Amino acid sequence: YLLKAKVCADMAGSDNGSTYWGDVITATDAIINSGLFSLYNDYYSLFKYPGRLCNESLFELQFGTGDHVRPGVFWDFQGPRGWQRGSSISGWGFMTPSDAIVTFFTSRNDTLRKRTTILYCGSTDVTYVTTPSGDQIWGNTDGLKYFNGKVYLPTSQMVDKNAGYGESNNVRVLRYADALLLNAEAKIRKGQSGDTPFNLVRVRAKLSPISGATLQNVLDERRAEFACEWWGERYNDLIRTGTAATALSAYGFVAGQSEYLPIPLSQQAKNTNLK
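Just so you know, these numbers come straight off a predicted model, no measurement behind them.

Peer 1: When you look at the packing of helix H8 (residues 195-204) against helix H9 (residues 215-225) in this model, what are you seeing that I'm missing?
Peer 2: Helix packing geometry: the angle between the two helix axes and the distance between the axes. Close contact between H8 and H9 brings their axes to 11 Å; oriented N to C, the two are set at 40°. As judged from the angle between their axes, H8 and H9 are oblique. Considering how the two elements wind past one another, H8 and H9 form a crossing that is left-handed. For the pair H8 and H9, the contacting residues are Phe 198, Val 201, Arg 202 and Arg 204 in the first and Asn 217, Val 218, Glu 221 and Glu 225 in the second. The residue inventory of the contact of H8 with H9, partitioned by class, reads three nonpolar, one polar and four charged.

Peer 1: Explain H8 to me, please; I cannot follow it from the model alone.
Peer 2: Side chains that are three or four residues apart share a direction in an α-helix, a result of its 3.6 residues per turn. Of all the ten residues making up H8, seven are buried; the element is thus mostly covered by neighbouring parts of the structure. Considered for burial, the residues of H8 that qualify are Asp 195, Pro 197, Phe 198, Asn 199, Val 201, Arg 202 and Arg 204. Looking at the buried residues of H8, the elements they touch are helix H3 (43-46), helix H5 (99-108), helix H6 (111-117), strand S6 (171-175), helix H7 (176-189) and H9. Immediately downstream of H8, the backbone of Lys 206 shows phi near 65°, a positive value.

Peer 1: Would you take a moment to explain the environment of Ala 177 for this structure?
Peer 2: Relative to the elements of secondary structure, Ala 177 occurs in helix H7. Given the relative accessible area of 0%, Ala 177 is considered buried. Taking C-alpha positions, Ala 177 is 42 Å from Ala 269, a pair spaced 92 residues apart along the chain. Each residue touching Ala 177, except ones within four places of it in the same chain, is listed here: Leu 39, Glu 56, Val 201, Arg 204, Glu 225 and Phe 226.

Parameters at a glance
Residues numbered from 1 in each chain as written. Predicted model: local features only at pLDDT ≥ 70, side-chain atom pairs only at ≥ 80, totals over all residues. Heavy atoms only, no water. Axes fitted to C-alpha atoms, helices over the stretch in contact; angles between N-to-C directions. Helix = DSSP H or I, 4+ residues; strand = E, 2+ residues; numbered from the N terminus. Parallel < 35°, antiparallel > 145°, perpendicular 65-115°, else oblique. Left-handed = near helix turned anticlockwise from the far one by under 90°. Contact = heavy atoms within 4.5 Å. Nonpolar A, V, L, I, M, F, W, Y, C, P; charged D, E, K, R; others polar. Buried < 20%, exposed > 50% of the residue type's maximum accessible area, 1.4 Å probe, protein only.

Structural data, given as structure tokens:
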């Protein structure tokens, strides 16, 4: 149902009159009314070991520790750089948060989600910053200021400290919060109130509820809620709302061109009509 809702939202785009928004409501209502899902009470721990397979997870990739099954280099690639003071943290520190998202969190007083998403680096390669879980993260001289906090697994939660970094955690793919915010957005676009599903997500983030939530309120909430998660929620939201060219102008985004993925060469070879 959530995949269907996401596809329908993409197909509807910014057309508030599109019948696809009604399909989004139907699909997300089915999830909400099933009674099978709820928001995990601790946003910070949602992405750590305690949040594995919680009722907020509609779909996640499971990786046990018994046989050291690993999701490729998922955790290493994005995890904070380590190798310091006896820590088991040993990520590569790629795909780091931007100054823009840090400013965005700060402007909203979105303290909990900022604390969860943004992991600060030390200022030099010999300085350390203490994380919310008490680990000390290494600074560096590569110009980095932040690491992705959502792929940080505290040393205390690594059940096998001889295993690779992140092996004891799962990869969250689809979350109930997404269903709630898509439900709120679709209802607002159809002239209805989206306050109830919208405020469930806000209150979990320790923010005050909003009465008469607007479309921009929902889009801002999605930006904060899914920041630095690995499936490109923010990028897809910018594409479907027609705001990518403005928001991503500094990155060379070209409207009418950058929205598309390249056709694989193997497919072009089979059909020369594909351009």
